[in-house]
Amino acid sequence: MKVLGHRLQLLTGLLLHDMTMAGLQELRFPEEKPLLRGQDALELDNPDTFLSVVDTDWKEHDIETPYGLLHVVIRGSPKGNRPAILTYHDVGLNHKLCFNTFFNYEDMQEITKHFVVCHVDAPGQQVGASQFPQGYQFPSMDQLAAMLPSVVQHFGFKYVIGIGVGAGAYVLAKFALIFPDLVEGLVLMNIDPNGKGWIDWAATKLSGLTSTLPDTVLSHLFSQEELVNNTELVQSYRQQISNVVNQANLQLFWNMYNSRRDLDINRPGTVPNAKTLRCPVMLVVGDNAPAEDGVVECNSKLDPTTTTFLKMADSGGLPQVTQPGKLTEAFKYFLQGMGYIAHLKDRRLSGGAVPSASMTRLARSRTASLTSASSVDGSRPQPCAHSESSEGMGQVNHTMEVSC
C-alpha cells in the first residue's frame, strides 16, 4: 500500500507539472462506465433523481436584470478574493437536470465546499416556471449574457469561474467577451461557436415539423449512437424534458439559440484586432458527442497558451452526467493550473470518506509568469499557461492518459 501511495503521489505530481508547465493540448481519459448499471440504472428511472439536492443550504433568488427576472440558486457566500463558481445549463434542461449529478458527486463536493456556487437558470426554464405570456420576446443570446452582471453585482462576487454546457457555454463565452474583468476562468462543454447557416436553419425548421420538441432537443443533447444504444439514459431525459420544463418557454429558448450568430472570436495574430477569451479556458467534449466538431473549431479560435482541450474517451453528449468522476478530476487540475489546489485523499484507496479539502494558492513560478497570457496583477489571481494547441502553430499534439 505504501508503494501504491508513492506511485499515486508521483503520478499526481507529473500530471500537475504537465498541465501547468508543459502546455497540454488534449486530455483523453479512458473509459469510465456510464451510470447505467444496477442501482444507478434504477435511480435514473426515478423522476426525483435529477431533481434531488444533497444539501439543504441552497437558496433560491429571482434577480432583476435589464432583460427580465433571472432565477438563481446559490450555496455559500463570497470568500475573500476567491471567485464564485457560476453555471449555465444547455437548452432543454435547467440547472438541476444539467448539473445535479456532477455537483452531487462526492469528490466534486469536496472541491466546491470551498467556493460559493451559483446556478443560473435561463428565463422560464426552471422547475415550476410560469409560462410566458403571448407575444413575450425571449432575450437574445447577447442579452442572456448581459443579464449575468446583475447576478454578480447582486451577490457581491468579484469575479467568477463559469461552467457552461451547450447553449449555456455559448452564453458564458459571450459574457466573458463582453465583461472580461468579471470572469477568471471558463469550463465550456459542448460549445458551438458558429451560428446556423440558412441550410441548417431550414433543416431545423423541417425537423420541428416532423418531430416533437423533446425529441428535437434530444438530438441536440445526444449523438445518434447514444439515442440508439443508451436508451435508459435517453428515455430518462425525454421524460424529464417533457414533464419538468415548460414546453412553450423551452420552444422560445430553442428558437433563440438556433438563431444565434457566430461567436466573435479569433486566435490572436490571425486577424487584425482579433477578439478572444482572455481567461483560462477548458473545452470539454465527449468523443461520441454531437458537438465534437464545434468544440474542435472553437479550440482552433482560442489562444493556445490559455486553452486546454479535453476530449473524454467513451463519453457522449452529457459527460457531466455519465462521467462525473473524470470531469471532477479534470476540473481539479484546471483549478490547480489557475493557482488553486485541492489536497484530496482518494477514497477509492482509503476505503473511507474523503476528508475535508484544503484549498490553497499555488505560488507562481518564474516560468509560469513568463508564459502567462496576462500580466501579474497582485490583487487578482492570474492564470498560469496550461495548454497549447498544435493547430496553426506547428507544434506537436500532446495526449495524456489518466488511469484511475
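Residues numbered from 1 in each chain as written. Predicted model: local features only at pLDDT ≥ 70, side-chain atom pairs only at ≥ 80, totals over all residues. Heavy atoms only, no water.

Peer 1: Could you give me a rundown of the overall build of the protein, with the residues and numbers involved?
Peer 2: In terms of regular secondary structure, the protein is built from 17 helices and twelve strands. Counting all 404 residues of the protein, 52% fall into the buried class. Nonlocal contacts in the protein, meaning residues at least 24 apart in sequence, comprise 77% of its contacts between residues at least 6 apart. Approximately 17600 Å² of the protein is accessible, and the part contributed by carbon and sulfur atoms is 52%. (Helix = DSSP H or I, 4+ residues; strand = E, 2+ residues; numbered from the N terminus. Buried < 20%, exposed > 50% of the residue type's maximum accessible area, 1.4 Å probe, protein only. Contact = heavy atoms within 4.5 Å. Areas by Shrake-Rupley, 256 points an atom, 1.4 Å probe, with all protein chains shown as cover.)

Peer 1: Outline the pairing of strand β5 (residues 117–121), supporting the account with residue identities and numerical values.
Peer 2: Of all five residues making up β5, five are buried, and the element is well covered by its neighbours. Of the two faces of β5, both are covered, the one formed by V117, H119 and D121 as well as the one formed by C118 and V120. Pairing geometry for strand β3 (residues 68–75) and β5, over five bridges, is antiparallel. Residue pairing for β5: H71 is matched across the bridge by D121. Of the strand pairs in this sheet, strand β4 (residues 84–88) and β5 are connected by four bridges, and their pairing is parallel. Bridging across to β5, Y88 finds its partner in V120. (Pairing = 2+ DSSP bridges.)

Peer 1: Could you give me a rundown of the environment of A173, with the residues and numbers involved?
Peer 2: Looking at the secondary structure, you find A173 in helix α7 (residues 167–178). For the pair A173 and G162, spaced eleven residues apart in the sequence, the C-alpha separation amounts to 8.9 Å. With residues near it in sequence (within four places) discarded, A173 still touches L186, L188, I191, L263 and L277.

Peer 1: Explain the packing of helix α9 (residues 213–221) against helix α11 (residues 231–244) residue by residue, including any values.
Peer 2: Two numbers describe how α9 lies on α11: the axes approach to 10 Å, and their chain directions differ by 130°. Classed by the angle they form, the pair α9 and α11 counts as oblique. Where α9 crosses over α11, the handedness of that crossing is right-handed. Side by side, α9 and α11 meet where P214, D215, V217, L218 and L221 of the first sit next to V234, Y237, R238, I241 and S242 of the second. (Axes fitted to C-alpha atoms, helices over the stretch in contact; angles between N-to-C directions. Parallel < 35°, antiparallel > 145°, perpendicular 65-115°, else oblique. Left-handed = near helix turned anticlockwise from the far one by under 90°.)

Peer 1: So, the packing of α9 against helix α12 (residues 247–258): which residues are in play, and what are the values?
Peer 2: At a closest axis distance of 11 Å, the pairing of α9 and α12 adopts a crossing angle of 40°. In terms of orientation, α9 lies oblique with respect to α12. The interaxial crossing formed by α9 with α12 has left-handed handedness. Across from L213, P214, T216, V217 and H220 in α9, the residues of α12 making contact are Q247, L250, Q251, W254 and Y257. Classifying every residue of the contact of α9 with α12 gives six nonpolar, four polar and no charged. (Nonpolar A, V, L, I, M, F, W, Y, C, P; charged D, E, K, R; others polar.)

Peer 1: Any chance you could break down the packing of aromatic side chains for me, citing the residues and the numbers?
Peer 2: According to the stated counting rule, one finds ten aromatic pairs in the structure shown. Seen from their ring centres, F138 and F253 are 5.5 Å apart, and the 25° between their planes marks the pair as stacked. Taken together, the positions of F138 in the loop between β5 and α5 (141–146) and F253 in helix α12 put the pair 115 residues apart, joining distant regions of the chain. A relative accessible area of 2% places F138 in the buried class. (Phe/Tyr/Trp six-rings, centres within 6.5 Å; stacked < 30°, edge-to-face > 60°.)

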